[in-house]
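Structural characterization, general
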Amino acid sequence: MDPTTVEPKWMSPTTEDGSMDRRGNPAVRAATGRWRSAILLLANYGLVTCAFFGVGVNLVVFLRRVLHQDNAEAANNISKWTGTVYIFSLIGAFLSDSYWGRYVTCAIFQIIYVTGLVILSLASWFLLVKPSGCGGVNARCDEPSAPGVALFYLSTYMIAFGNGGYQPSIATFGSDQFDETDPKEARSKVAFFSYFYLALNVGSLFSNTVLVYYEDSGRWVMGFWVSAAAAALALVLFLLGTPNYRHFNPSGNPLTRIAQVFVAAFRKWHAEVPREELLHEVEREDPKISGIRKILHSDELRFLDKAATVTEEEYGAPEKMKDPWRLCTVTQVEEVKCILKMLPIWLCTIVYSVVFTQMASLFVEQGATMNTNIGSFHFPAASMSLFDILSVLAFIAIYRRVLVPVMARLSGNPQGLTELQRMGVGLVIGMAAMVVAGVVEVERLRRVAAPDQPSSLSVLWQVPQYALIGASEVFMYVGQLEFFNGQAPDGVKSFGSALCMASISLGNYVSIMLVSVVTSLTAGERRPGWIPGNLNSGHLDRFYFLLAALSLVDLAVYIACAAWYKGIKLDGGGETRKASAHV
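For every chain, the first residue of the written sequence is number 1, and numbering continues from 1 onward in sequence order. Thresholds applied to this predicted model are a pLDDT of at least 70 for local features of residues and 80 or more for the giving and counting of side-chain atom pairs; totals over whole chains, interfaces and linings are not thresholded and use all residues. Side-chain metrics in this entry use all non-hydrogen atoms of the structure; hydrogen atoms and water are not considered.

What counts, and what does not: UniProt positions are given in the numbering used here, feature names are shortened, and annotations may be inferred rather than shown by experiment.
Under an unreviewed UniProt entry, the protein chain has the name Major facilitator superfamily (MFS) profile domain-containing protein and belongs to Panicum hallii var. hallii. Looking at the Sequence similarities (unreviewed entry) heading of the UniProt record, one finds this comment for the protein chain: "Belongs to the major facilitator superfamily. Proton-dependent oligopeptide transporter (POT/PTR) (TC 2.A.17) family."

Listed below in structure tokens is the structure:
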């Protein structure tokens, strides 16, 4: 990554993608955006992530040791909380795209986030972690008080709301710092998403090692205060970059524009769609959707083209042609088409997110029932996510330095693999992670000497399953960020980023449903079930193998959806954003 750029003499001194400075003037290339602003945003995101994982990665242990919840209840509560984080991303994306813009959205939700972390730290200090230092491996806490539990849930869901609303906006805001009409900045924009995911994992590294270790030994209050301090520092860094950021104006409520297309198409259900050059489009920028570049007509979902079909009735009444509930532009119709075409791809990523979410719940519970002593050193089960982070860091480097050049020569694609191909690879590696986790659980059960004692199998046997999850993330989540952000129309850019978070959210909720269904079907009066309170009497391995089988089915559906998908085409001097249909 080279933060410095030398502009050719012929290049315009201002950006040409519609970005502006904070005063609303066209952004000057030399004074705004690029890596100078992007690096600050990456540091901000790394610190926010450090704070989030300082709470989230060990929260399942906090629920069991401090709030006295059993394994199944704690796992489901974590899935609900994590799912809520990413559901809130849709709210943040909506406010960002429609009304506030990305800068304001990031700032407001970070303030909510910091406030939630401070309340959690205070509630733990004065009400929950009693006696002081309890909640370690052998130190039992008192029963939590009702006010303490209420403040715990209030603060953690404020953290979920703040982090969820911030995430899609920061991803898109970071990519906004690069003008995609400039070839050099366009390459930097693609690279930004890899560094964005790298910042996420670097930020979580400290939390997954140092903070988890101290929290596991009972120093929960210290861990939460460190998280709050990291989030506060992130907010300060974000505000320091204010003079140099590039901005895009919000484009208004996209839900209204989408509804207009469906209403107009329904009104003309029996109309015959003419040739594409006869469909309605304005010559200049549409004032109703300011800042959105025109999109060329596509042949998919042709029934929506009725909304842009001019009927004889409208030819004779010019006032009706100005009614967007009767007649829409091609760009407005294509905006809806783009969203609808992305949805099947998005739905196929949910099963992968079910696999991914096991790392924060069942992987931790599985590790807690293994031998967590390495010599005289106690290795917290939650710290095993360190190997996921190291795997992500290693595979980002391997992908960019090794796989991209090799695949570029083989495929002729300068990016190596397309976003859709990378997501498919991620599905395959995630499926392999579940098979490995199942095999490890079989071995763990074989080495259980007593039902109420941990297995003698070392927790380090979990390293391969964490490493495979990390490798799959590089292909799946980085590919998702690039795909949904690149393919989303201008008016719903943050929504495109939010789809990645919403996938993780629904993955958590589907995980809750699967755990509940599997528990109810496999447990009985004389049967403990696959996921009982004591994993030594269960069959967690069968649950992992079930997820592997579901991933295989999902992969087949994904390949079919990716083969059907055709990318967005912008009307900008031949500029086209495409995603390969081949996986």
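Side note on the state of the cysteines
Operational definition: Any cysteine sulfur atom paired with another within 2.5 Å is treated as part of a disulfide. For every residue, the accessible area (1.4 Å probe, protein chains only) is compared with the maximum for its type, and the residue is labelled buried under 20%, exposed over 50%, or partly exposed between those bounds.
Applying the stated rule across the entire model yields one disulfide. The side chain of Cys-134 participates in a disulfide bridge whose partner is Cys-141; the two sulfur atoms lie 1.9 Å from each other. Looking along the S-S bond of the Cys-134-Cys-141 disulfide, the torsion reads about 95°, which is the right-handed sense. Accessibility classification places Cys-134 together with Cys-141 in one group, the buried group. The thiol sulfur of Cys-50 is not disulfide-bonded, and the nearest other cysteine sulfur, from Cys-106, lies at 18 Å. Lacking any disulfide linkage, Cys-328 is separated from the closest cysteine sulfur, that of Cys-338, by 15 Å.

Here's the deal with the pattern of salt bridges
As a reminder, the rule being used: The term salt bridge refers to a pairing of a side-chain nitrogen on Lys or Arg with a carboxyl oxygen on Asp or Glu at a separation within 4 Å. Segments assigned H or I by DSSP are reported as helices when at least four residues long, segments assigned E as strands when at least two residues long, and all are numbered from the N terminus.
Tallied over the full model, the rule gives 18 salt bridges. With a shortest N-O distance of 2.9 Å, Glu-441 and Arg-444 are connected by a salt bridge. A residue pair is termed a helical-turn pair when its members lie 3 or 4 positions apart in one helix, as Glu-441 and Arg-444 do in helix H14 (residues 419-446) at three residues. The buried category is assigned to Arg-444, whose relative accessible area is 0%. When salt bridges that share partners are traced, they join Arg-29, Asp-179, Glu-185 and Arg-246 into one network.

Focus: helix H15 (residues 463-487)
Heads up, the rule is: Helix span is expected to be 1.5 Å times the residue number reduced by one. In this analysis the local bend is the angle between axes fitted, respectively, to the seven residues ending at and the seven residues starting at the residue.
When the terminal C-alpha atoms of H15 are compared, their 35 Å separation across 25 residues agrees well with the 36 Å that a helix rising 1.5 Å per residue should span. In the structure, H15 departs most strongly from a straight axis at Glu-473, where the bend amounts to approximately 35°. Of all 25 residues in H15, 21 are buried; the element is thus mostly enclosed.

Details of a nonpolar patch on the surface
To keep it simple, the criterion reads: Surface patches are drawn from residues lacking salt bridges whose relative accessible area is over 30%; two like charges belong together within 9 Å, two nonpolar side chains (Val, Leu, Ile, Met, Phe, Trp, Tyr) within 5 Å. Per-residue and other accessible areas were derived by the Shrake-Rupley procedure at a 1.4 Å probe size, with only the shown protein chains allowed to occlude residues.
A cluster of nonpolar side chains, namely Leu-122, Trp-125, Phe-126, Leu-127, Leu-151 and Leu-154, defines an oily patch on the protein surface of about 540 Å² accessible area. If you list the elements that add at least two residues to the nonpolar patch, you get helix H4 (102-128) and helix H5 (146-175). Looking at where Leu-154 falls in the secondary structure, it is placed in helix H5.

Notes on the packing of helix H3 (residues 71-100) against H5
Using the following cut-off: Working convention: axes come from line fits to C-alpha atoms, limited for helices to the stretch in contact. Angles between N-to-C directions cover 0 to 180 degrees. Each angle receives one of four descriptions, namely roughly parallel if under 35 degrees, roughly antiparallel if over 145, roughly perpendicular if within 65 to 115, and oblique otherwise. Note: crossing handedness is left-handed where the near helix turns anticlockwise from the far helix by less than a right angle, and right-handed where it turns clockwise. We call two residues in contact whenever any of their non-hydrogen atoms come within 4.5 Å of each other. Each residue is assigned to one class: nonpolar for Ala, Val, Leu, Ile, Met, Phe, Trp, Tyr, Cys and Pro, charged for Asp, Glu, Lys and Arg, and polar for all the others, Gly among them.
Two elements in contact, H3 and H5, have axes whose closest approach is 6 Å; the angle formed by their N-to-C orientations is 45°. By the criterion of interaxial angle, the relationship of H3 to H5 is oblique. As for the relative orientation of H3 and H5, their crossing is right-handed in sense. Touching Asn-77, Lys-80, Trp-81, Thr-84, Val-85, Tyr-86, Phe-88, Ser-89, Ile-91, Gly-92, Ala-93 and Ser-96 of H3 are Tyr-153, Thr-156, Tyr-157, Ile-159, Ala-160, Phe-161, Asn-163, Gly-164, Gly-165, Gln-167, Pro-168 and Ser-169, all from H5. When its residues are assigned to classes, the contact of H3 with H5 shows 12 nonpolar, 11 polar and one charged.

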